[in-house]
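Structural description and commentary
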Amino acid sequence: MAKQEDLQHIDALLEELRVIEPPDEFRRNAIVNDPEIYARAEDDPEAFWAEQAGKLRWSRPWDTVMEWKPPWVKWFLGGRLNVSVNCLDVHVEAHPDRVAYYWEGEPGDRRTITYRELYEEVCRFANALKGMGVAKGDRVAMYLGMVPELPVAMLACARIGATHSVVFGGFAAEALRDRINDAEAKVVVTGDGAWRRGSIVALKENADAAVEQCPSIEHVVVVRRTGQEVAWSSGRDVWYHDAVDGQEATCPAEEMDAEDPLYILYTSGTTGKPKGILHTTGGYLTGVATTHRLVFDIHPETDVYWCAADVGWVTGHSYIVYGPLANGTTSIMYEGAPDFPDKERWWSIVERYKATILYTAPTAIRTFMKWGHEYPARHDLSSLRLLGSVGEPINPEAWMWYFEYVGGGRCPVVDTWWQTETGAIMITPLPGITRLKPGSATRPFPGIAADVFDEEGWPVGAGKGGYLVLRRPWPSQFRTIYGDPDRYVQNYFSRFGADVYLAGDGARRDEDGYFWLLGRIDDVMNVAGHRLSTYEIESALVDHPAVAESAVVSRPDPVVGEAIVAFVTLKSEIHGDEALIVELREHVATKIGKIARPHSIVLTDDLPKTRSGKIMRRLLRDVAHGRDLGDVTTLANAEVVTTIRSLSAERKDDE
Ligand code: PRX
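The following refers to the structure shown. (Residues numbered from 1 in each chain as written. Predicted model: local features only at pLDDT ≥ 70, side-chain atom pairs only at ≥ 80, totals over all residues. Heavy atoms only, no water.)

1. Quick word on the overall build of the protein chain
Along the backbone of the protein chain there are 21 helices and 30 strands. Scaling as 2.2 N^0.38, a compact globule of 655 residues should have a C-alpha radius of gyration of about 26 Å, and the protein chain matches this with 24 Å. Projected onto its principal axes, the C-alpha coordinates of the protein chain cover approximately 70 × 60 × 55 Å. Here the protein chain, with 655 residues, has 61% of them falling under the buried criterion. Counting only contacts in the protein chain whose residues sit at least 6 apart along the sequence, the fraction spanning at least 24 positions is 72%. (Helix = DSSP H or I, 4+ residues; strand = E, 2+ residues; numbered from the N terminus. Rg over C-alpha atoms; globule rule 2.2 N^0.38 Å. Buried < 20%, exposed > 50% of the residue type's maximum accessible area, 1.4 Å probe, protein only. Contact = heavy atoms within 4.5 Å.)

See the structure below:
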């Protein structure tokens, strides 16, 4: 097989050659078809964002657009609004019977939920939460699969001014426990289970195990989905259907300050402890509504939009829930796996609902590519007019495959770069005007000041790589790390000063000013579009009684992007064998979740360290990548590298 570097080199050559113009018909009907939007936003970014914010419903107008005391920022000061009013009431007044969600369960059951129905359900659950003693400013955790009750619960919190913290349903009990405790949530909304590839994920069981060690939790609300018997703690547990039963279908919306919290969402950083990214109300909604409308060219009367992410991640928050609903969009929401009951599931969904826009991650596209284009070919995908990609760098081959075999060569592909922290899309084409280059996220969204810096903080020249930074605040920016403001400053605003946001990604710009994302440059990995920290996995491994020390790195993988490789030394009395390796992988799955299970574990007698005792991850990364090791003389224990290299070669052969 060709080395990854060679492939990247070939990719790079292909990238430069192909340019895809927006199709004429698309351009004619696009919401944005005049490139002057960039100049206008650049001339006066605050005026640009104020104009966008003005499209929302405010109960009190703002006094000041933006106040920036680097690194702290506030938007729309003095303004008051409620997010759920903008996502529901506004549309119930204008088009109550428009579908908000076409929901499809994995077993094949379906629900169609109109804006009126969604509004009423949200109000009922908001009243139920109030009845449980949840008040403005309280935190409510959610641990659910992709069921409509998840957006309902989020919006119900927004309605009464509670702050939600959604924890991805694939996380394990301990991960849930830590997140609940960090936010001191009062209530957790979970389910009996979630469907995944025909089996049940035991949500309630995990939630019970977590809540045992969560003193702040007063109630556990349980959505019945999979129907099996579950343990019950009377007084604490309440069925969702009982909680909403008999509640009023209206609920006054709490008037929120633009800067009041909307939600916390935990994401992996460069230490073992996940960061609670805090988003607020006015700026966040402005950012997601604007980017959703303009990047996906939303025509709410006619579009059927499908963001195939999970609501448990930021993509789902911004582009399944808040952005689409603020814009009155009709969305598809699908519960399960793409290959259940067969590999055509997604394409039959596109065909059934006549989806016009599809937004997904490169890892999914590469999986479909591996399965073969005969699956999409068996379905009528002619309703599609626009495709989107998010979560990882998309390689030009995957881009072209998506464009050809899903988009039929007629749909622009918007490769959107952003993060949990940015809240909304930051670098992206605008599909009616941008000339696309497969593999490039193209240009910063209007008003966004993205740049690439060298080590000293100077912008790099064309063709050079460096640190991706954002040089000016934007409305949907996270405001802090929940309970840890020092980490906010330290992590993001210290490398190049308090007025420059460090994204943690590498990037290069080409001669046309287009951005090419190069992946993370810190200890964060991107595995199948899931963000994981090397330290988090290392801590989980070291927690196992047999493990003395561990170092986790990633190696490139053609499907999941990055695969997890763990180097582990055992305690002296322990004998390592295959059974232990299996046990260690499962141990990580139990501590964090299956998404964090290492793809390979290399047992070794020692780890390469500097003379001061720091593990040399760079070297291990080189080993995992199969690269030449270069100069290792600064190692305290240079010989260990040779041993590790031969061990890791053996492991790869085993797979
Ligand atoms: O490395 C970048 C990658 O995903 C990271 C953010 O992960 P998360 O906060 O989980 O949010 C994912 C969904 C927005 C970034 O630091 N990333 C995201 N989008 C792209 C990307 N890398 C390259 N190209 C993208 N389009």
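More follows now that the structure is in view.
2. Observations regarding the sheet that holds strand E18 (residues 357–360)
Read from one edge of the open sheet, seven strands run E5-E4-E17-E16-E18-E19-E20, paired in mixed fashion. Two strands lie at the open edges of the sheet, namely strand E5 (110–114) and strand E20 (413–416), each paired on one side alone. The sheet shows a mean angle of 20 degrees between the axes of neighbouring strands, direction not considered. The pairing of E18 with strand E19 (residues 386–390) spans four bridges and is parallel. Across the sheet, residue Thr360 finds its bridge partner in E19, namely Ser389. (Pairing = 2+ DSSP bridges. Axes fitted to C-alpha atoms, helices over the stretch in contact; angles between N-to-C directions.)

3. A look at the pairing of strand E27 (residues 530–533)
Burial along E27 is two-sided: His530 and Leu532 facing one way and Arg531 and Ser533 facing the other are all buried. Pairing analysis gives four bridges linking strand E26 (residues 524–527) to E27, with the strands arranged antiparallel. Its bridge partner being in E27, Met525 is matched across the sheet by Leu532. Where E26 folds back on E27, the antiparallel hairpin that results is connected by two residues, among which Ala528 adopts a positive phi of roughly 50 degrees.

4. Topic: the site of the ligand
The immediate surroundings of the ligand are formed by 17 residues, with Thr416, Thr420, Asp505, Arg520 and Arg531 found nearest. A distance of 2.9 Å separates an oxygen atom of the ligand from a polar side-chain atom of Gln419. At 2.7 Å, a side-chain N or O of Asp505 approaches an oxygen atom of the ligand. Look at the ligand: alone it shows 540 Å² of surface, and the protein chains cover 96% of it. Of all elements in the fold, only helix H12 (314–326), E20 and strand E25 (515–520) reach the threshold of two or more residues within the shell around the ligand. Of the residues belonging to the shell around the ligand, the class tally is six nonpolar, six polar and five charged. (Near = heavy atom within 4 Å. Polar contact = N/O pair within 3.5 Å; in protein donor to acceptor, adjacent residues only side chain to side chain. Areas by Shrake-Rupley, 256 points an atom, 1.4 Å probe, with all protein chains shown as cover. Nonpolar A, V, L, I, M, F, W, Y, C, P; charged D, E, K, R; others polar.)

5. Quick look at the environment of Arg509
Residue position: Arg509 is located in strand E24 (residues 501–509). Owing to a relative accessible area of 25%, Arg509 belongs among the partly exposed residues under this scheme. Sequence separation between Arg509 and Arg443 is 66 residues, and the spatial gap between their C-alpha atoms is 9.5 Å. Not counting chain neighbours up to four residues away, the residues in contact with Arg509 comprise Ala450, Asp451, Val452, Gly461, Ala462, Gly463, Lys464, Tyr514 and Phe515.

6. Things to note about the sheet that holds strand E15 (residues 275–280)
Ordered by their spatial adjacency, eight strands build an open sheet running E12-E11-E8-E6-E7-E14-E15-E23, and the pairing between neighbours is mixed. Of all the strands in the sheet, the pair left with one neighbour each is strand E12 (237–239) and strand E23 (480–481). Where strand E8 (residues 187–191) lies against strand E11 (residues 219–223), five bridges are found, and the strand directions are parallel. Each residue of the ladder has a partner; that of Thr190, found in E11, is Val222.

7. A short note on the layout of surface pockets
One number sums up the size of the second largest pocket: a volume of about 270 Å³. Together, Pro23, Glu25, Phe26, Asn29, Asp297, His299, Thr302, Asp303, Leu384, Arg385 and Arg410 line the second largest pocket. In terms of residue class, the lining of the second largest pocket is made up of three nonpolar, three polar and five charged. (1 Å grid on protein atoms, 1.4 Å probe; cavity = no way out; pocket = protein on both sides within 12 Å on 5 of 7 lines; lining within 4 Å. Points joined across faces, edges and corners; volume = space filled by probe spheres on them.)

8. Focus on the pattern of salt bridges
In the structure shown here, the tally under the stated rule is 51 salt bridges. Across the salt bridge formed by Asp451 and Arg509, the nearest N and O atoms sit 3.7 Å from each other. Of this pair, Asp451 sits in strand E21 (residues 450–453) while Arg509 sits in strand E24; the two residues are 58 residues apart in sequence, bridging distant segments of the chain. With relative accessibility at 9%, the residue Asp451 sits in the buried group. A salt bridge links Glu455 to Arg495; the nearest nitrogen and oxygen atoms lie 2.7 Å apart. Of the two residues, Glu455 is situated in the loop between E21 and strand E22 (465–470) and Arg495 in the loop between helix H17 (485–492) and E24; the sequence distance between them amounts to 40 residues. Taking relative accessible area as the criterion, Glu455 reaches 47% and is therefore assigned partly exposed. Given the relative accessible area of 34%, Arg495 is considered partly exposed. Within the structure, one salt-bridge network assembled from shared partners comprises Glu174, Arg177, Asp178, Asp543 and Lys591. (Salt bridge = Lys/Arg side-chain N within 4 Å of Asp/Glu carboxyl O.)

9. Focus: the environment of Thr302
Note that Thr302 resides in the loop between helix H11 (282–295) and strand E16 (304–307). By relative accessible area, which is 59% here, Thr302 ends up exposed. C-alpha separation for the pair Thr302 and Thr569, spaced 267 residues apart in sequence, amounts to 58 Å.

10. Things to note about the pairing of E21
Side chains of E21 alternate between two faces, with Ala450 and Val452 and Asp451 and Phe453 buried alike. With four bridges connecting them, E21 and E22 associate as antiparallel partners. Following the sheet pairing, Val452 is matched in E22 by Leu468.

11. Quick look at the packing of aromatic side chains
Enumeration over the complete set of coordinates arrives at 38 aromatic pairs. Between Trp75 and Phe76, the aromatic rings sit 5.7 Å apart at their centres with planes inclined by 50 degrees, giving tilted as the arrangement. Both residues of the pair, Trp75 and Phe76, belong to the buried class. Here a set of aromatic residues connected by ring pairs shows up, and it is made of Trp72, Trp474, Phe478, Tyr488, Tyr492, Phe493 and Tyr501. Residue placement shows Arg179 over the ring face of Phe171; its charged tip is 4.4 Å from the ring centre. When the ring centre of Tyr514 is taken as origin, the NZ or CZ atom of Lys437, which lies over that ring, is 4.6 Å away. (Phe/Tyr/Trp six-rings, centres within 6.5 Å; stacked < 30°, edge-to-face > 60°. Lys NZ or Arg CZ within 6 Å of the ring centre and 35° of its normal.)

12. Focus: the environment of His625
Mapped onto the secondary structure, His625 falls in helix H20 (residues 617–625). Residue His625 is classed as partly exposed on the basis of its relative accessible area, which comes to 25%. Placed 89 residues apart in sequence, His625 and Glu536 show a C-alpha to C-alpha distance of 21 Å. Non-local contacts of His625, meaning those with residues more than four positions away in its chain, are made with Ser554, Arg555 and Pro556.

13. A closer look at the side chain of Ser331
Relative to the helices and strands, Ser331 resides in strand E17 (residues 330–334). Not counting the four nearest positions on each side in its chain, Ser331 is found in contact with Ala100, Tyr101, Tyr102, Tyr305 and Pro324.

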